[in-house]
Amino acid sequence: MELLHICVRRTLPWHDEAAVAAALVPELRPRVEVWNATFNLRYAAFRLRLTQIARDNLARIENAKLTRLEEAPPGSLVVPVDDDDWFSPEIGSRLLAERDSSLQGYHWNPYILEAPRHRRRWPWARGRLAADTSRYTCGSNNHAIRNLPELTAEILSHVTASRHFDANPRRVKRIDASLSLQNRNLGSRSTLHWIAPELTRGGLIQTFRRYRTLYDRLRLPREFVWAKPSVLAMAELMRELRLR
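Residues numbered from 1 in each chain as written. Predicted model: local features only at pLDDT ≥ 70, side-chain atom pairs only at ≥ 80, totals over all residues. Heavy atoms only, no water.

Asker: Please explain the overall build of the chain as it appears in this structure.
Answerer: Of the regular secondary structure elements, the chain holds 10 helices and 10 strands. Relative to the compact-globule value of 18 Å for 244 residues, the chain shows a C-alpha radius of gyration of 18 Å, a close match. When the backbone C-alpha atoms are referred to their principal axes, the chain occupies close to 55 × 40 × 30 Å. Across the 244 residues that make up the chain, the buried fraction comes to 50%. Contacts in the chain between residues far apart in sequence, at least 24 positions, make up 77% of those at least 6 positions apart. On the chain, roughly 12,400 Å² of surface is accessible, and the fraction owed to carbon and sulfur atoms is 50%. Computing the positive centroid from 39 side-chain charges and the negative centroid from 27, the chain places the two 6 Å apart. (Helix = DSSP H or I, 4+ residues; strand = E, 2+ residues; numbered from the N terminus. Rg over C-alpha atoms; globule rule 2.2 N^0.38 Å. Buried < 20%, exposed > 50% of the residue type's maximum accessible area, 1.4 Å probe, protein only. Contact = heavy atoms within 4.5 Å. Areas by Shrake-Rupley, 256 points an atom, 1.4 Å probe, with all protein chains shown as cover. Lys, Arg positive; Asp, Glu negative; His and termini not counted. Charge placed at Lys NZ, Arg CZ, Asp CG, Glu CD.)

Asker: Could you clarify how one ought to interpret the packing of aromatic side chains in this entry?
Answerer: To describe a pair of aromatic rings, one takes the distance between the centres and the angle between the planes. Under the counting rule described, the total for this entry stands at 8 aromatic pairs. Ring geometry for Trp35 and Phe39: centres 4.9 Å apart, planes at 70°, overall edge-to-face. The pair Trp35 / Phe39 is uniform in exposure class, with both members buried. Centre to centre, the rings of Trp35 and Phe46 are 4.9 Å apart; their planes meet at 55°, and the pair counts as tilted. In this pair, Trp35 is assigned in helix H2 (residues 29-38) and Phe46 in helix H3 (residues 43-58), connecting sequence segments 11 residues apart. Residue classification places Trp35 among the buried residues on the basis of a relative accessible area of 0%. (Phe/Tyr/Trp six-rings, centres within 6.5 Å; stacked < 30°, edge-to-face > 60°.)

Asker: Before we go on, may I ask you to explain the sheet that holds strand E8 (residues 143-146) in this structure?
Answerer: Backbone-to-backbone hydrogen bonds join strands into a sheet, with any given pair of strands oriented parallel or antiparallel. Reading across the sheet, the 6 strands line up as E2-E1-E3-E8-E5-E9 and stay open at both edges, with mixed pairing between neighbours. Of all the strands in the sheet, the pair left with one neighbour each is strand E2 (64-66) and strand E9 (172-175). Strand after strand, the sheet turns through a mean of 25° between neighbouring axes, direction not considered. When strand E1 (residues 4-8) meets E2, the two strands line up parallel, connected through 3 bridges. Directly across from Ile6, in E2, lies its bridge partner Leu66. (Pairing = 2+ DSSP bridges. Axes fitted to C-alpha atoms, helices over the stretch in contact; angles between N-to-C directions.)

Asker: Honestly, the pattern of salt bridges in this entry has me stumped. Any pointers?
Answerer: Oppositely charged side chains are able to pair whenever their charged atoms sit close together. Scanning the model with the defined rule gives 14 salt bridges in all. Among the salt bridges present, the one from Arg47 reaches Asp84, with a minimum N-O distance of 3.8 Å. You can see Arg47 sitting in helix H3 and its partner Asp84 sitting in the loop between strand E3 (77-81) and strand E4 (86-87), a full 37 residues away along the chain. The same class applies to Arg47 as to Asp84, namely buried. The salt bridge partner of Asp216 is Arg239, with a shortest N-O separation of 3.0 Å. Residue Asp216 is found in helix H9 (residues 201-217), and its partner Arg239 is found in helix H10 (residues 228-240); the two are separated by 23 residues along the sequence. Taking the relative accessible area as the measure of exposure, Asp216 reaches 39% and is therefore partly exposed. Look at the salt bridges and you will find they share partners, linking Arg47, Asp83 and Asp84 into a network. (Salt bridge = Lys/Arg side-chain N within 4 Å of Asp/Glu carboxyl O.)

Interpretation note: all reported values are geometric properties and have no functional meaning in isolation.
Structure below.
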């Protein structure tokens, strides 16, 4: 039976805090120190919980398998993803039904779940259609690529994938569906960077409260009801995260 292969990008060993500390890029290290001094759950432990929530989501996907990229069968359809993002349980069935031997890739509506960066914005998963708001056709987890040697770089980098998709429109297909959510959470590297040029305890606490409100009050539209278990798990995690 043909399967869709979900390939999680390389990440840090969140279960080993010492290894995480040694592997952090220099600009992130002081921000993690502020986190660890602010919350009862240390940064590595929080990120580990995020991966567990994501793995629970992946376990609900039909006709798909979590696979290391180097173990994915040649020619199979693979979906790259970060270790904290989510998919619709129907993504496997939907993409396999779209399979065409003349195509190299597929992409669909990219959505991001994140707290508003400004107080007046409603905390919702804002649709980011690439043609309107993003310079990248392929984001964190809204594309699939055939596992071919000549496409390895595209599988490893969404930026490279975007360039390839844009340059070869006849070899890729856009699917009008909401098959994934990028969970840009409090522990995301991008979040910790945009809070402030130099992260402070006060700035981190303010953003923490926005994220706690986001998961508690979020009302999912019909096309995203599949994400409810993951949203509830994130709400529980944010309740467990407390100030020191």
